[in-house]
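Survey of secondary and tertiary structure
Given next are the chains, with one letter for each unit.
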Amino acid sequence: MINDLWYKNAVVYCLSVESYMDANGDGVGDFEGLTRRLDYIQGLGVTCIWLMPFQPSPQRDNGYDITDYYGVDPRYGTLGDFVEFTHGCHQRGMRVIMDLVVNHSSDQHPWFQEARRDPGSRYRDWYVWSDKRPANAEDGVVFPGVQKTTWTRDTEAGLYYFHRFYEFQPDLNTENPHVQAEILKIMGYWLQLGVSGFRMDAVPFVIATKGADVKKAAPRYDMLRDLREFLQWRRGDAILLAEANVPPKLNEEFFGADGHRMHMMFNFPLNQNLFLALASADTRPLAKALEGTRDKPATAQWGVFLRNHDELDLGRLTEKQRQAVFEAFGPDKSMQLYDRGIRRRLAPMLKGDRRRYELATSLMLTLPGTPVIRYGDEIGMGDDLTLPERECARTPMQWSTEPHGGFTKHDSPPNPVISGGPYGFEHLNVAAQRRDPASLLNWTERVIRMRKEIPEIGSGDYEVVQTDAKDVLALRYDWRGNSVLFLHNLGDEPREIDIDPGAAGSHDSLLINLLAEDHSRPVDGRHHRILMEPYGYRWFRVGGLDYLLRRSEI
Ligand code: NOJ
């Protein structure tokens, strides 16, 4: 049967133009630099680039504060450079999705400027105002410790305005049909310029009712259907990937019972429980999260990630669980953020332990969904905890041992590259890893290539298979007559496990290791005894490598 759902078997690479490569020498990355690096990105094997915000912005929240939805920030280049970039991606068979940040604009956006100045302006009602400071103004801040309120008084308007995030990010009144029409226009515009969809920022807040008299914000899920319909009319194969950190029971609302709302959602519950499982060498929370996020419409897909550009949000774990993750991966207060998360990059969290790093990456690539890889994680980049809040994990890409890691020719770039120490560009860079066959970069390329040959993960049914060890996760996928089995030992002790893969079908139960030569034969017709080294992982095909000859059409 035809399988057109490209996002189900994609490998997504997330990057910000600012941090990737500076071609014009001003110390800030730009589209020209990024376009020059497209062969590297293609070489990694990724099939889709997720571009973080690049529109004109005062850059007070890494571009999530936009002043012109139809432009490119001049520091990153021009619209022409953007089109060259999307064209370059298409030439290499890669798609582009971009952030759609429409919960709020920047307070410097002309819409807000006009709205605050002129009560009669058509833009007045594009934002959310109140005469008095609402009683609940301190509730629901997203950045506790940094953000004090969600309502701030604007002296020019003489009114309070609502902002779910920082005070320089006034919320758009998304219930206003004019705002809704503008959102569609923004989508249509970028689709025309070559993107294949959007990572939609802060979706639960976009669709929430907003206002001083709103006691408990109610979601208007139908807005998601309108966005979806418009998107699909304009471009049949475009997708919406939702940032919606919501409890699993709400997933169906975001996907839509018939899959008529968001195509994809990041799997935040899985992400948090994955780190809990890694911290405690106990696969049970992970298995539970897999069960909790199992149900979804057939066309819907999870985005599976380890780290992104924000803090690792542990807000949905219990206090005790969160403390366990803090203790393992971010024990110092300086590593934690907003009372709920860890702001470090993956490699330092895992103490630079290559075995654990491979284990975590292998899990990301083989848990149900589409993997979303953060730029720099393919070489194990570190963080700079002297930078504020989330900036510590957004440092420039480390390309070579040349000045500033080959990121820029600028003498003192505003965005400093990590220098010195185990994660400094002098030791850790693409050029060095490219030459070393055993490097993390070359390992990552190999596993991505293999991952793309296993569509069972993105499209199949899965089952957690019982083993006799709680530190080993065994996950089997079945799809179109074939089965694959993945084993991960989260613990630092070796484990010999006894496992019946339990795959249906007539093929013999030989397990073919897809990444190494140690295949496994059953000891008694069905059961395998497999020795897993500390932090070991296995990717097996059940049966022989003639699986493509056996794959069924439906
Ligand atoms: C989520 C983004 O990932 C984050 O970086 C940003 O600060 C907020 N949304 C506000 O746009």
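Here's a quick rundown of the structure. (Residues numbered from 1 in each chain as written. Predicted model: local features only at pLDDT ≥ 70, side-chain atom pairs only at ≥ 80, totals over all residues. Heavy atoms only, no water.)

1. Things to note about the site of the ligand
Stated precisely, the cut-off is as follows: We call a residue near a given molecule or strand whenever any one of its heavy atoms falls within 4 Å of it. Pairs of N or O atoms are called polar contacts if they sit within 3.5 Å, as long as, within protein, a hydrogen donor faces a hydrogen acceptor (for residues adjacent in sequence, only side-chain-to-side-chain pairs). Only the protein chains shown count as cover for residues, and all accessible areas are computed by the Shrake-Rupley method using a 1.4 Å probe. The nonpolar class holds Ala, Val, Leu, Ile, Met, Phe, Trp, Tyr, Cys and Pro. Asp, Glu, Lys and Arg form the charged class, and all remaining residues, Gly among them, are polar.
Lining the immediate environment of the ligand, one finds Asp61, Tyr64, His104, Phe143, Phe165, Arg199, Asp201, Glu243, His309, Asp310, Arg390 and Arg394. Within the contact set of the ligand, an oxygen atom lies 2.6 Å away from a side-chain nitrogen or oxygen of Asp61. Between His104 and the ligand, the recorded distance is 3.1 Å, taken from a side-chain N or O atom to an oxygen atom. The fraction of the free accessible surface of the ligand (300 Å²) that becomes covered by protein chains is 97%. Within the shell around the ligand, the residues separate by chemical class into three nonpolar, two polar and seven charged.

2. Some details on helix H4 (residues 79-91)
Residues lying three or four places apart along an α-helix face the same way, a consequence of the helix completing one turn every 3.6 residues. Short version of the rule: For helices the rule is a DSSP run of H or I covering at least 4 residues; for strands it is a run of E covering at least 2, with both sets numbered from the N terminus onward. A helix is expected to reach a length of 1.5 Å times the quantity of its residues less one. Only protein chains enter the accessibility calculation, which uses a 1.4 Å probe. A residue is then buried if its area is under 20% of the maximum for its type, exposed if over 50%, and partly exposed in between. When we speak of the arc, we mean the arc of directions from the helix axis to the C-beta atoms.
Its 13 residues place the ends of H4 18 Å apart at the C-alpha level, agreeing with the 18 Å of an ideal helix rising 1.5 Å per residue. Every buried residue belonging to H4 is among Phe82, Phe85, Thr86, Gly88 and Cys89, and all of these are buried. Taken around the axis of H4, the buried residues stretch over an arc of 155°, which confines them to a single face. In this structure Thr78 caps H4, since a side-chain oxygen of it lies 3.2 Å from the backbone nitrogen of Gly80. Gly93 sits one or two residues past H4 and shows a positive phi near 75°.

3. Focus: the sheet that holds strand E5 (residues 151-154)
The test is simple: Here, strands pair whenever DSSP counts at least two bridges between them.
In space, the three strands of this open sheet follow the order E4-E6-E5, with antiparallel pairing throughout. In the strand order of this sheet, the two ends are held by strand E4 (129-130) and E5, each with one partner. Summarising the sheet, E5 and strand E6 (residues 159-162) pair through four bridges and their orientation is antiparallel. Residue pairing for E6: Trp151 is matched across the bridge by Phe162.

4. Topic: helix H11 (residues 284-292)
Let me state the cut-off plainly: Contacts between residues were defined by any pair of non-hydrogen atoms, one from each residue, lying within 4.5 Å.
Where H11 is concerned, the buried positions are Pro285, Leu286, Ala289 and Leu290. For H11, the arc enclosing every buried residue in end-on projection is 140°, short of the 170-degree limit, so these residues lie on one face. Among the exposed residues of H11, those pointing more than 90 degrees away from its buried face are Arg284 and Lys288. Structurally, H11 contributes buried residues whose contacts are with helix H10 (268-280), helix H14 (354-366), strand E15 (461-464) and strand E16 (472-479).

5. What to know about the pattern of salt bridges
The cut-off we apply is this: Take a side-chain nitrogen of Lys or Arg and a carboxyl oxygen of Asp or Glu: if they are within 4 Å of each other, that pair is a salt bridge.
A complete count under the given rule lists 39 salt bridges for this structure. Between Arg390 and Asp61 there is a salt bridge, with its nearest N and O atoms 3.0 Å apart. Of this pair, Arg390 sits in the loop between strand E14 (370-374) and helix H15 (430-435) while Asp61 sits in the loop between strand E2 (48-51) and H4; the two residues are 329 residues apart in sequence, bridging distant segments of the chain. An identical accessibility class is assigned to Arg390 and Asp61; each is buried. Linked through salt bridges whose partners overlap, the residues forming this network are Asp61, Asp310, Arg390, Glu391 and Arg394.

6. Looking at the sheet that holds E14
Formally: Every axis in this analysis is a line fitted to C-alpha atoms, fitted for helices over the stretch in contact. Angles between the N-to-C directions lie between 0 and 180 degrees.
Ordered in space as E1-E2-E3-E7-E8-E9-E10-E14, the eight strands form a closed barrel in which the pairing is parallel. If you compare each strand with its neighbour and ignore which way they point, the axes differ by 25° on average. On the sheet, helix H6 (residues 177-192) packs against strand E3 (95-100), strand E7 (197-200) and strand E8 (239-242) and is oriented at approximately 135° with respect to E7. Helix-sheet contacts for helix H8 (residues 222-234) involve E7 and E8, and the interaxial angle to E8 is about 145°.

7. Notes on the layout of surface pockets
The condition is simple: Cavities and pockets were defined on a 1 Å grid built over protein atoms only: a cavity is a set of grid points that admits a 1.4 Å probe from which the probe cannot escape, a pocket is an open set flanked by protein on both sides within 12 Å along at least five of seven lines, and lining residues are those with an atom within 4 Å of any such point. Grid points are joined across faces, edges and corners, and a volume is the space filled by probe spheres set on the points.
There is about 420 Å³ of room inside the second largest pocket. Lining the second largest pocket we find 17 residues, and of these Asn273, Leu276, Pro285, Leu317 and Gln321 sit closest to its centre. Residue assignment for the lining of the second largest pocket shows that the elements contributing at least two residues are H10, H11 and helix H12 (319-329). A per-element tally of the lining of the second largest pocket places H10 first, with five residues. Looking at the lining of the second largest pocket residue by residue, the classes come out as seven nonpolar, six polar and four charged.

8. Concerning the packing of aromatic side chains
Operational definition: A pair of Phe, Tyr and Trp rings is counted when the ring centres sit within 6.5 Å of each other, with Trp represented by its six-membered ring. The angle between the planes then sorts it: under 30 degrees is stacked, over 60 is edge-to-face, the rest tilted. Think of it as a cone above the ring: NZ of Lys or CZ of Arg counts as a charge over the ring if it is within 6 Å of the ring centre and within 35 degrees of the ring normal.
Taken as a whole and judged by the stated rule, the model has 39 aromatic pairs. Taking the centre distance of 5.4 Å and the plane angle of 80° together, the rings of Tyr221 and Phe254 count as edge-to-face. Of this pair, Tyr221 sits in the loop between helix H7 (203-206) and H8 while Phe254 sits in helix H9 (residues 251-255); the two residues are 33 residues apart in sequence, bridging distant segments of the chain. Note on accessibility: Tyr221 and Phe254 belong to one class, buried. Among the aromatic side chains, those forming a connected cluster through ring pairs are Phe31, Phe54, Tyr70, Phe82, Phe85, Tyr189 and Trp190. If you follow Arg124 out to its NZ or CZ, it ends over the ring of Trp129, 5.2 Å from the centre. Taking NZ or CZ as reference, Arg345 lies 4.9 Å from the ring centre of Tyr375, over its face.

9. Focus on the pairing of strand E21 (residues 537-542)
The side chains of a regular strand alternate, residue by residue, between the two faces of the sheet. Of all six residues in E21, six are buried; the element is thus mostly enclosed. The side-chain alternation of E21 yields two buried faces, one formed by Tyr537, Trp539 and Arg541 and the other by Arg538, Phe540 and Val542. Examined bridge by bridge, strand E17 (residues 482-489) and E21 share five bridges and lie antiparallel to one another. When the sheet's bridge partners are listed, Leu487 is paired in E21 with Arg538. Across three bridges, the pairing between strand E19 (residues 511-513) and E21 is antiparallel. If you follow Leu511 over to E21, its bridge partner there is Val542.

10. Things to note about the side chain of Asp22
Applied cut-off: When charges are counted, Lys and Arg are positive and Asp and Glu negative, with His and the chain ends excluded.
Within the fold, Asp22 resides in the loop between helix H1 (17-20) and helix H2 (31-36). Of the side chains bearing the opposite charge, Arg36 lies closest to the buried Asp22, which forms no salt bridge; the N-O distance is 8.5 Å. Within the local environment of Asp22, its side chain forms a polar contact with the backbone nitrogen of Asp26, the two atoms lying 3.2 Å apart. Ignoring sequence-local partners within four residues, the contact set of Asp22 consists of Gly27, Val28, Gly29, Asp30, Phe407, Thr408 and Lys409.

11. Quick look at the nonpolar core
Rule in force here: Only buried residues count toward a nonpolar core. Its members are Ala, Val, Leu, Ile, Met, Phe, Trp, Tyr and Cys residues joined through side-chain atoms within 4.5 Å.
Residues Tyr13, Ile41 and Leu51 are the most contacted members of the largest nonpolar core, which totals 145 residues. In this structure, Ile499, Ala503, Ile530 and Phe540 belong to the second largest nonpolar core, which totals 14 residues.

12. Section: the packing of H14 against helix H16 (residues 440-452)
Heads up, the condition is: Angle categories are assigned with fixed cut-offs, so that under 35 degrees is roughly parallel, over 145 is roughly antiparallel, 65 to 115 is roughly perpendicular, and the rest are oblique. By definition, any crossing whose near helix is turned counterclockwise from its far helix by less than a right angle is left-handed, and any crossing with a clockwise turn is right-handed.
At their nearest, the axes of H14 and H16 sit 11 Å apart, and the two run at 25° to each other. With respect to their mutual orientation, H14 and H16 come out roughly parallel. Here the hand of the crossing between H14 and H16 comes out right-handed. Note on element contacts: H16 touches H14 through Leu440, Trp443, Val447 and Arg451, opposite Arg354, Tyr357, Glu358, Thr361, Ser362 and Leu365. A per-class count over the contact of H14 with H16 returns five nonpolar, two polar and three charged.

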